[in-house]
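For reference, the chains in residue letters:
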Amino acid sequence: MQTLLTTKQLHLSLKRLAYQLLENQENLEHIVFVGLQPRGIQISQRIMEEAALLVSRDKLQYGILDITFYRDDHRDALHIPRETLLNFSIEDKKIILIDDVLYTGRTIRAALDALQDFGRPSKVELCVLVNRRFSRELPIQPDYFGIAIDTLPNQKVKVEWDREEVVIY
Amino acid sequence: MQLSTKHLLGIKDLPAVDISLILSTAAQFKEVLQRPIKKVPSLRDLTVVNLFYENSTRTRISFELAEKRLSADTINFAASGSSVSKGETLLDTVNNILSMKVDMVVMRHSASGAPHFLARHLPETAIINAGDGINEHPTQALLDAFSIKEKLGSLEGKKVVLIGDIMHSRVALSNIYLLKKMGAEVMLAGPPTLIPIHVKAALDVEVAYDLKKALQWCDVANVLRIQLERQNQVLFSSLREYNLAYGVSRKLLDSIGKEIVIMHPGPINRGVEIDSDVADGRDSIILQQVENGVAVRMAVLYLLSGRKGDS
């Protein structure tokens, strides 16, 4: 096991991502931040906390999206759905999807499909903490990321929230 | 995590953990049904046949809608107008349908145990019981439980009275099994002729022959339909007399002085087991039950469909 981001580095990355997500947004009314179930929730909430130090919290529109019903591997194993919470229209809004690790891109593909059922966003962007380069199975790339790394397919990258570290093993 | 069973034949043998999984999954599907596009692609590789050997409005439409909202292909089969009238057996009919690459079977049948018989002969195909004779109606009990949970927060410790034709009601039996497993207290109320005599000892439930006492005790009253089509002997003297003694009326509810959640599985015999002003009143969740039925059936279909990749 090797540490990719220490606690201090993780905190700095979250702070930087919050700044990056806000810097180009002129009108927050047209932006929706969406954390992806299950592992994108904690990171997205942490980024929202950081963002709330920069702008008023009630200006940040935040939702939760579960992509279970849109997976392409649901016949390999049964996946149990989790909560989706998008209590506002996403029509013509700019969506920023937030997840912890971008690997094959299949989760994001499913999330893009799921979003269509809620409306037609004007734009969709992707923010991840860890970008595992050269491992994509679909043409999907992040617009914002904390750290980019090169990994082997048999390696696992995980955000350990109890220790507040990002590790690879 | 997945269901411990391949079929949904009844609540009797369904573990509490499976019931909880179905109810929590149904809550996610209820959210799906609030979206602008109320459809997910989860079952688009599957075909489901709805075999209805007995009449149905709600259950058939609810299952069909659940299948369509999951993107499954559906076939509807009604016994009348089919080769059943030419003497084809149940197993032959189902085997012929399955040979056309059908993956799941939803069946209602007037014979108790018919879906169990199918499940024994077709262990690889998911069979869902949509009501068998006077035995069980598991998805109705699940949607009733979901609706109670939605209204009152939980099932644990809640007092539920099932009123009326217990003897002929598959809804009653499935509800009793489910509510007991989930920690609710159950009472049966109705005329002695419509409540099986050994039910108290057999299923560990309370029995009351006085409707007012039962209503005073309960948090939820689930009023059952008088099933005239299953009664081949006279069990009460007239519908009017039944209504006077066991009909749930506004006047009766007002005299109790507490709020009770009113449920009915439908179809309603208005003015017999329940009066219109109660069925359409403020405490009634009858139409929410129907709405929740689609989400619960989506959950059952989804959770049973996942088993296909196991083999």
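Residues numbered from 1 in each chain as written. Chains lettered and ligands numbered in written order. Predicted model: local features only at pLDDT ≥ 70, side-chain atom pairs only at ≥ 80, totals over all residues.

Novice: Give me the lowdown on unusual backbone geometry, citing residues and values where you can.
Specialist: Note that the residue after Q37 of chain A, namely P38 of chain A, is joined by a cis bond; omega there is -10°. Along the chain, P38 of chain A falls in the loop between β2 (31-36) and α2 (40-52). Between G266 of chain B and P267 of chain B the backbone carries a cis peptide bond, its omega angle lying at -10°. If you trace the backbone, P267 of chain B turns up in the loop between β9 (261-263) and α11 (276-279). Backbone geometry at E164 of chain A places phi at a positive 60°, although glycine is not the residue there. Among the structural elements, E164 of chain A can be located in the loop between β7 (157-160) and β8 (165-168). With phi around 55°, D204 of chain B is a residue other than glycine that occupies positive phi space. Examined against the element boundaries, D204 of chain B turns out to sit in the loop between α7 (199-203) and β7 (206-208). (Helix = DSSP H or I, 4+ residues; strand = E, 2+ residues; numbered from the N terminus.)

Novice: Describe the sheet that holds strand β3 (residues 61-65) of chain A, and please don't skip the residues or the numbers.
Specialist: All names here are of chain A. Here 5 strands make up an open sheet; going across it, the order is β3-β2-β4-β5-β6 and the pairing parallel. Of all the strands in the sheet, the pair left with one neighbour each is β3 and β6 (144-150). Between one strand axis and the next, the sheet turns by 25° as a mean value, whatever way the strands run. Across 6 bridges, strand β5 (residues 123-133) lies against β6 in parallel orientation. Bridging across to β6, N131 finds its partner in A148. Against the sheet, helix α1 (residues 7-23) touches β4 (94-102), β5 and β6, its axis set at about 130° to β6. Of the strands in this sheet, β2, β3, β4 and β5 touch helix α3 (residues 106-116), which is tilted by about 155° from β4. (Pairing = 2+ DSSP bridges. Axes fitted to C-alpha atoms, helices over the stretch in contact; angles between N-to-C directions. Contact = placed C-beta atoms within 7 Å.)

Novice: Please give an account of the interface of chain B and chain A that cites residues and values.
Specialist: Taken together, the contacts link 15 residues of chain B with 15 residues of chain A. Here the element with the most residues in the side of chain B that touches chain A is helix α1 (residues 16-32) of chain B; it accounts for 3 residues. Here the residues of the side of chain B that touches chain A sort into 6 nonpolar, 6 polar and 3 charged. (Nonpolar A, V, L, I, M, F, W, Y, C, P; charged D, E, K, R; others polar.)

Novice: Go over the domain arrangement of chain B, please, and point to the residues and values.
Specialist: All names here are of chain B. For chain B, the assigned domains are domain 1 (16-137 + 291-310) and domain 2 (138-289). Each of domain 1 and domain 2 has a C-alpha centre, and the two are 26 Å apart. Facing 22 residues of domain 1, the contacting portion of domain 2 comprises 25 residues. Taken together, the elements giving at least two residues each to the side of domain 1 that touches domain 2 come down to α1, β4 (126-132) and α12 (286-305). The dominant element in the side of domain 1 that touches domain 2, judged by the number of residues it contributes, is α12, at 6 residues. By residue class, the composition of the side of domain 1 that touches domain 2 is 9 nonpolar, 8 polar and 5 charged. (Domains from an automatic or database assignment.)

Novice: Any chance you could break down the environment of Q61 of chain A for me, citing the residues and the numbers?
Specialist: All names here are of chain A. Position of Q61 relative to the elements: it lies in strand β3. Separated by 29 residues in the primary sequence, Q61 and V32 place their C-alpha atoms 5.1 Å from one another. Look past the residues within four positions of Q61 in its chain and what remains in contact with it is I31, V32, F33 and F88.

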